[in-house]
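So the chains spell out like this:
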Amino acid sequence: MRRVHPPHILLAGKNCHEVRENLRHLLDPEAIKAIDDDIFRNAAGLFNLGYEHFLFAKGLSKSKWRQRISRYYYGAYNAVRSIRLVYNGHYSQYSDDHKKIECFPADFPERNTYLNRLSVLRDDRNLCDYDHTANISDLVNDPDEAEDLVEQLFQHTKAYLIARGVNL
Amino acid sequence: MTSSTVEEKLPSNAKDLLSSFEKKTGLSNLRTSLLNRPDGDYLVIYLANPTERLFSILNQVESEVVQDSFFSTKVTLKKSVSENLLQSSETRLFLKSLAESLTASRYSFQEDFFSRYITSVSGAEDKIVAAAHHIVYGRRGAGKSSLLLYAMHRRESPSRISVWIDMQVYAHRQDLKVVTDVIHEIIHQIISQTSNPPSSEHVLRELKSLTGAIDEPSEQNIRNLFPDIKRLLSSVSQHLDDIFIFLDDLHLLDICLQPRLLDFIYAFARGNKVFLKLSAIETFTKLWDPGTRTGLERPHDIQQIELDYNLTMTDRATTHITSILNSRALYCGLPSIHSLCRDKEVLSRLVWVAAGVPRDAINIFSQALSKASFKDQKKVNITNINESASELVSDKLQDIELDSSGSLAQANILLGRIREFCVKNKRMNAFLVEELHGDPAFTNIKRLIDLRLLHVIHEGITIREAGKKHLALILDYGFYIGIRAARSVQLFNKQTTQASYDEFRRLPVFTLANGDHQALKKSPDQ
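All chains use their own residue numbering, which begins from 1 and follows the written sequence. Lettering of chains starts at A and numbering of ligands starts at 1, both following the order in which they are written. Whole-chain, interface and lining totals are the exception, using all residues; otherwise, since this is a predicted model, local features are given only for residues with pLDDT of at least 70 and side-chain atom pairs are given and counted only at 80 or more.

Asks: I'm lost on the overall build of chain B in this one. Help?
Replies: Helices and strands together make up the secondary structure of chain B, namely 18 helices and 14 strands. Taken along the three principal axes of its C-alpha coordinates, chain B extends 90 × 70 × 40 Å. Our exposure labels follow a C-beta count within 10 Å of each residue's own C-beta, placed from the backbone: buried means 20 or more other C-beta atoms, exposed means 12 or fewer, and partly exposed covers the counts in between. Residue burial in chain B is summarised as follows: out of 526 residues, 43% are buried. Counting contacts in chain B only where the partners sit at least 6 residues apart, residues at least 24 apart contribute 79% of the total. What counts as a helix is a DSSP run of H or I of at least four residues, what counts as a strand is a run of E of at least two, and both are numbered from the N terminus. The contact criterion used is a C-beta to C-beta distance within 7 Å, with each C-beta placed from the backbone.

Asks: How do you make sense of the overall build of chain A when you look at a structure like this?
Replies: When helices and strands are tallied, chain A shows five helices and zero strands. Across chain A, helices and strands are ordered from the amino to the carboxyl terminus as α-α-α-α-α. Dimensions along the principal axes, computed over C-alpha positions, put chain A at roughly 60 × 30 × 25 Å. With 168 residues in all, chain A has 37% of them scored as buried.

Asks: In this structure, what is going on with helix H14 (residues 358-374) of chain B? I would like to understand it.
Replies: Residue pairs spaced three or four apart in an α-helix point in one direction, given the helix's 3.6 residues per turn. The span expected for a helix works out to 1.5 Å for each residue beyond the first. Under the 1.5 Å per step criterion, the end-to-end length of H14(B) is 24 Å for 17 residues, consistent within 8% with the ideal 24 Å. Once H14(B) finishes, B:Asp376 follows within two positions and takes phi at roughly 60°, a positive value.

Asks: Before we go on, may I ask you to explain the nonpolar core in this structure?
Replies: A general feature of soluble globular proteins is that nonpolar side chains tend to end up buried together. Take the buried Ala, Val, Leu, Ile, Met, Phe, Trp, Tyr and Cys residues, join any whose C-beta atoms are within 7 Å, and the set you get is a nonpolar core. In terms of nonpolar packing, the biggest core is built from 179 residues, with A:Ala76, B:Ile245 and B:Leu350 touching the most fellow members. Counting residues per element, this core draws most heavily on helix H3 (residues 65-88) of chain A, which supplies 12 residues. Apart from residues lying up to four places away in sequence, B:Ile245 is in contact with B:Val163, B:Ile186, B:Ile265, B:Val274, B:Leu276 and B:Lys277.

Asks: Can you walk me through the packing of H3(A) against helix H4 (residues 111-130) of chain A in this structure?
Replies: In a packed pair of helices, the relevant descriptors are the angle between the two axes and the axis-to-axis distance. Residue and element names in this part refer to chain A. Between H3 and H4, whose axes approach to 9 Å, the crossing angle comes to 140°. On the basis of their axis angle, the class for H3 and H4 is oblique. Handedness of the H3/H4 crossing: left-handed. For the pair H3 and H4, the contacting residues are Arg66, Ile69, Ser70, Tyr72, Tyr73 and Ala76 in the first and Leu118, Leu121, Arg122, Asp124, Arg125, Cys128 and Asp129 in the second. Each residue receives one of three labels: charged for Asp, Glu, Lys and Arg, nonpolar for Ala, Val, Leu, Ile, Met, Phe, Trp, Tyr, Cys and Pro, and polar for the others, Gly being one of them. Taken together, the residues that form the contact of H3 with H4 break down as seven nonpolar, one polar and five charged. Between N-to-C directions, angles span 0 to 180 degrees; the directions come from axes that are lines fitted to C-alpha atoms, helices contributing only their stretch in contact. Reported orientations rely on four angle classes, namely roughly parallel under 35 degrees, roughly antiparallel over 145, roughly perpendicular from 65 to 115, and oblique for the rest. A crossing counts as left-handed when the near helix is turned anticlockwise from the far one by less than a right angle, and as right-handed when that turn is clockwise.

Asks: What is the right way to read the sheet that holds strand E13 (residues 469-475) of chain B from this model?
Replies: To summarise the sheet geometry, strands pair through backbone hydrogen bonds and adopt either a parallel or an antiparallel arrangement. Residue and element names in this part refer to chain B. Strand order in this open sheet of four strands is E12-E13-E11-E14, and the pairing throughout is mixed. Strands at the two margins of the open sheet, each flanked by one partner only, are strand E12 (454-462) and strand E14 (509-510). Paired strands, as defined in this entry, are two strands with at least two bridges between them according to DSSP. Two strands pair when backbone bridges link them, and E12 and E13 are joined in this way by six bridges, in the antiparallel orientation. Of the residues in E13, the one forming a bridge with Leu454 is Leu475.

Asks: Please explain the interface of chain B and chain A as it appears in this structure.
Replies: As a measure of interface size, the accessible area lost when the parts come together is often cited. Each partner contributes residues to the interface: chain B has 15 residues there, and chain A has 17 residues. Of all the secondary structure elements, the ones that give two or more residues to the side of chain B that touches chain A are strand E1 (31-37), strand E2 (40-47) and helix H2 (52-64) of chain B. Ranked by residue count, the leading element in the side of chain B that touches chain A is H2(B), at five residues. Its residues assigned to classes, the side of chain B that touches chain A shows seven nonpolar, five polar and three charged.

Asks: I keep staring at the sheet that holds E1(B) and nothing clicks. Help me out?
Replies: All names here are of chain B. As summarised here, the arrangement of the three strands in space is E1-E2-E3, forming an open sheet in which the pairing is mixed. At either end of the open sheet lies a strand with only one pairing partner, and these are E1 and strand E3 (73-79). Strand after strand, the sheet turns through a mean of 25° between neighbouring axes, direction not considered. Bridge analysis of E2 against E3 gives seven bridges, and the strand direction is parallel. Following the sheet pairing, Val44 is matched in E3 by Thr76.

Here it is, written out as C-alpha cells:
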C-alpha cells in the first residue's frame, strides 16, 4: 500500500480536497487513493482527539464545571473538524476556525439542532475559560446537558465518517 | 457577574425573536427565561420536545429578525415538560393540527405534506403513482383523499400535470350537465398548467354553453365534441410525461351517472397519457354498467386499491393510527403521543372504538383530549375515549338520516334489528352473519360497514356447515359505550389482543330476514 510522504498532506495547500483535484490528472489512481487514505487517517485522528477531550471531561469531578464545559466544547469542536475535513477538505489551526463550529454538511443528521446548540456551547465555553466573574448559573446548558449533546454528536459523527469510508 | 431570570418583561430584541418564533411555529404563550450575561442576553424558550424542525425554524428566525441595538440577543430552545402537559401550548397546537387533519383537500398542508403524511399499511403509495387508472376504496376517513394527495404531491414537475376535482360539488346529481362541467374543469385545469397551450377557446365555449343551457345536453351533443377534445389533449400531452385526473369522492355522484361520467372521460383519456385516479366508498360506487356496457371494467380498464382492512388486522391498524398521531405530536413539539395518554391501553381502545379508521381515531382522540383538558386531568384515559366514541356515533347516523334517496332506509331498519340483537337480546357487541355475496340483504350489511356503524373483525368463519362462511362483526362502540343503560353489554376482545378462531366461532349468529333488502329496489345493482 502506498503512503504519502511528509510534509503533512493538510499543509500541502489551502484545501486538501482542492490539492487532490488538481493532482487527479497527474497522478495514477493508486497515488490518488493514497491521498484519500491520508485525508481519512487525519479525519480519524481529529475524531479521536475530540473523543479524548470528551472522555477527559466525563471523568472530571462535577464541581469542575468550567473544565467540564471547556473540554466538552473541545471534544465537539474536533468532531466537527473531522466532519469538515471529509466533507469539503477544510482544515485550519487558526483561532477564527472556532467560529465555524456550526458549519455542517446539509445531510448531517439533526443539523439545525447542532447549528444552534454548538454555538451556545461555544459561548458557554468562552464564559468558562475567560470570564472570571461567571458562575455555573450563567450557563445556558449545564455540564450534564453539554455531555448529552456532545455524546450524541459523537454518535452521529462516527456514523457519518464510517459511511464515507473513514476507518474508526 | 450574576445572571437573572426575567420571565415577564422581555426586552424588545427578545420579544421580537419570541413573537417571530411563535408566529412561524403556531405555538403561543411559550415559557421563556432571559439570561443576562456579559456576552449579551440569552433568550431560552422551553418546549416539551425541541425537535430538529423547531430548531430549523429558530435558526431562520434568528437570521431574519433585525435586532435594534448594539447588544444583540441570542436564542436557544431547551427541553422542559410542562407540569400539566394537556394545558400546554404544544398540546393546543396539537389539537389544532388534529382539527386540520380531519378534512383533506388539495391544499392540505402544502409544503409540509410529506413531513405529516404517514404511509398506508398496505404500501398503496407505490401503486397510486403508477401510470395506470386506479380507484381507491375505503370507508370515510380511511385516508383515500390523503393517498390521492400523496400521488399529486409526488408529481410536482413541469412535465406532469395534475387535475383535481372534488366531487362533493356534484353530490347526488344525475344530469349530464355534470359531465360537461367536469370535462370543462379538466380542460381548464390542464390548459392553465401548460406553457404555450393550444387554443382551447372553442371547446371550452361549447362545453360552457351545454352546461348553461336550460335543457339537459344529450349524450350525442357531448360526444360530438370529443374529436376536438381528444386533439386538444393530444397536442398538450405529447410534450408531457403524463396527466393525472384526480376525482375525489366519486361515490357522492348519483350512482347511475358514475359509469357514464367515467365512460365519457375515458373516451378522450385513452391513448393520451391521461390517467384517472379515483377515490370512493365501494358499496356506493358503480364503475361499470353491464347492461349498457358503459364505464370502466375491473381489472381490465382500472385497478383497485383497497385501503381499508377494518379490524381484521388490528396490529397493523394500531401501528398506523399510532404513527399518524405520533407524527402530529412530534410536529407540535410534544415528546410523543404516549406522553398524553395515561397508559398504553388508551391507544389500543382508541383503535377499536375507531374501528381502524384513521380520521375517526383522530376525531375521537381530539375530543377525548379536550375533555381531559377541561376536567384538569393530567392525561387522557379510557373513559375519555369511550365518551368521545359514543358522541361520534350520532354523526355517523346522520349519514343515514340525511340520505334523501331512500336507498339507506332499509339499512337503517336492519341496523335497528342488529342493535336490539346485540344490546338487548345477546348483550354482546360482536356477532356473526352469513356471507351471502350478491344477496341484497347482505349488501345492506356491507353498506352499514361502509357507514362505519358495523366493523369487520374477521372474515370467512365456518361454524358447522362446510361452504357456509360467516363474517364476524362488531356493532359500533358508540351504541353502548359510555351509556349507563348499556353497560351490561359484554365487550368482545376487551383487551384488544388478537382473538382466537374459536372465540370468533362462538359468537352469536344474526340471521338476515326477508325484509332486510326490500328498500334496495330503489338503488341500482352493484
